[in-house]
Each structure stands twice: as structure tokens, then as C-alpha cells.
Amino acid sequence: MNFRYSDYSIEQLHREIGELKEKAQKAEQLGNVSEVQIYERKMQVALAYTLNPDEFKKDEIYQLKMEPGYTFKIDYINGVFAWGYRINLLDEIREEIEALPISLLGKKLG
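We now examine the sheet that holds strand β1 (residues 61–64). Taking strand neighbours across the sheet as the criterion, the five strands line up as β4-β3-β2-β1-β5 in an open arrangement whose pairing is antiparallel. Strand pairing shows two members of the sheet lacking a second neighbour, β4 (98–101) and β5 (105–109), which therefore form its edges. Going across the sheet, the axis of each strand differs from the next one's by a mean of 50 degrees, ignoring polarity. Across three bridges, β1 lies against β5 in antiparallel orientation. Residue pairing in the sheet places L64 in a bridge with L105 of β5.

In the sheet, β1 pairs with strand β2 (residues 71–78) via three bridges, with the strands oriented antiparallel. Pairing of I61 across the sheet is with K73, part of β2. Between β1 and β2, which pair antiparallel one after the other, the connecting turn spans six residues.

Moving on to the nonpolar core. Formed by A48, F56, Y62, L64, F72, I74, V80, A82, L100, I102, L104 and L105, the largest nonpolar core amounts to 12 residues. Secondary structure elements with two or more residues in this core: β1 and β2. Leave out the neighbours within four places in its chain, and L100 touches L64, F72, V80, F81, A82 and R86. Membership of the second largest hydrophobic core comes to 10 residues, among which are Y5, L20, A24 and Y39.

Glancing now at the layout of surface pockets. Quantified by volume, the largest pocket comes out at close to 300 Å³. Of all elements in the fold, only α2 (33–48) and β4 reach the threshold of two or more residues within the lining of the largest pocket. Considering every element that reaches the lining of the largest pocket, the biggest residue donor is α2, with five residues. Considered class by class, the residues forming the lining of the largest pocket number six nonpolar, two polar and four charged.

On to the side chain of Q44, then. On the secondary structure map, Q44 appears in helix α2. Beyond its immediate stretch of four places on either side in the chain, Q44 contacts M66, P101, S103 and L104.

Two faces belong to every sheet, and in a regular strand the side chains alternate between them. Sheet topology note: the β2/strand β3 (residues 81–87) ladder contains seven bridges and is antiparallel. By the bridge assignment, I74 is partnered in β3 with G84. Between β2 and the antiparallel strand that follows it, β3, lie two residues; G79 among them carries a positive phi value of about 65 degrees. Inspection of the sheet shows β3 paired to β4 by four bridges, in the antiparallel sense. Looking across to β4, one finds that F81 is bridged to P101.

Now for the pattern of salt bridges. Following the criterion strictly, the structure yields six salt bridges and no others. Close ionic contact of R86 with E67 constitutes a salt bridge, the shortest N to O distance being 2.5 Å. With R86 in strand β3 and E67 in the loop between β1 and β2, this residue pair connects regions lying 19 residues apart in the sequence. In this structure R86 comes out as buried when scored by relative accessible area, which is 7%. For E67, a relative accessible area of 30% puts it in the partly exposed group. Ionic pairing is found between R94 and E98, a salt bridge with its closest N-O pair at 3.8 Å. According to the relative accessible area criterion, R94 is partly exposed, its value standing at 34%. On the accessibility criterion, E98 (18% relative accessible area) is buried. In the salt-bridge network here, residues are joined through shared partners; they are E67, R86, R94 and E98.

About the criteria used
Residues numbered from 1 in each chain as written. Predicted model: local features only at pLDDT ≥ 70, side-chain atom pairs only at ≥ 80, totals over all residues. Heavy atoms only, no water. Pairing = 2+ DSSP bridges. Helix = DSSP H or I, 4+ residues; strand = E, 2+ residues; numbered from the N terminus. Axes fitted to C-alpha atoms, helices over the stretch in contact; angles between N-to-C directions. Core = buried A, V, L, I, M, F, W, Y, C linked by side-chain atoms within 4.5 Å. Buried < 20%, exposed > 50% of the residue type's maximum accessible area, 1.4 Å probe, protein only. Contact = heavy atoms within 4.5 Å. 1 Å grid on protein atoms, 1.4 Å probe; cavity = no way out; pocket = protein on both sides within 12 Å on 5 of 7 lines; lining within 4 Å. Points joined across faces, edges and corners; volume = space filled by probe spheres on them. Nonpolar A, V, L, I, M, F, W, Y, C, P; charged D, E, K, R; others polar. Salt bridge = Lys/Arg side-chain N within 4 Å of Asp/Glu carboxyl O.

This is the structure in C-alpha cells:
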């Protein structure tokens, strides 16, 4: 039976994150790079459900945890995903909007 992460308790989410981490480590040992990326993405989504989306606000800019050269400006929040625009070190804003799990947002800037 498949459950959605939104149906999980915090304890179930932490257990799932632990299991995904183990699977990612095994895949890494076997050299399955794409499998590692899939588990890491699932981990980030599960982790996002352990956070409070109300703490992330429109027009605020955050560091990106996995990509030190970029920041992210939130346009809006939908569930545990922040929709917005990536900004590079030269303050150039990407034209296309994208959705990131809020777990990928680091420290708020400014």
C-alpha cells in the first residue's frame, strides 16, 4: 500500500528518510549514480514534510543548500514546495520558474 508523505507522521518521515539514505548509500557503493539521485530527491521531499511551509515567505531570498553559487527567490509556496527563481552569483535571475522542496532552502538572506 502506498502512502503519500503528507499522510506520514513525523516519526514515519524520519524512518523513511533513514531508509532512503541507506538505499542511496548502497546505490552509491554499486556506482548507480542515477539511482543515488532519485533517492536523494525523495529524501529531500520527505524532509520537506518535516518543515513548516509557513516559515517561508513570498519575495524572500534563501541560500540553496546543495548549490552554494545560487540563491532562490520565492514567488509562492504550494504545499512543501517553493516556486520561484534561481539567482546566480552575478544576481542574474533565471527566466523560468521552478519548484523546489523547502528542505533545499538554506539560510534566509537580508
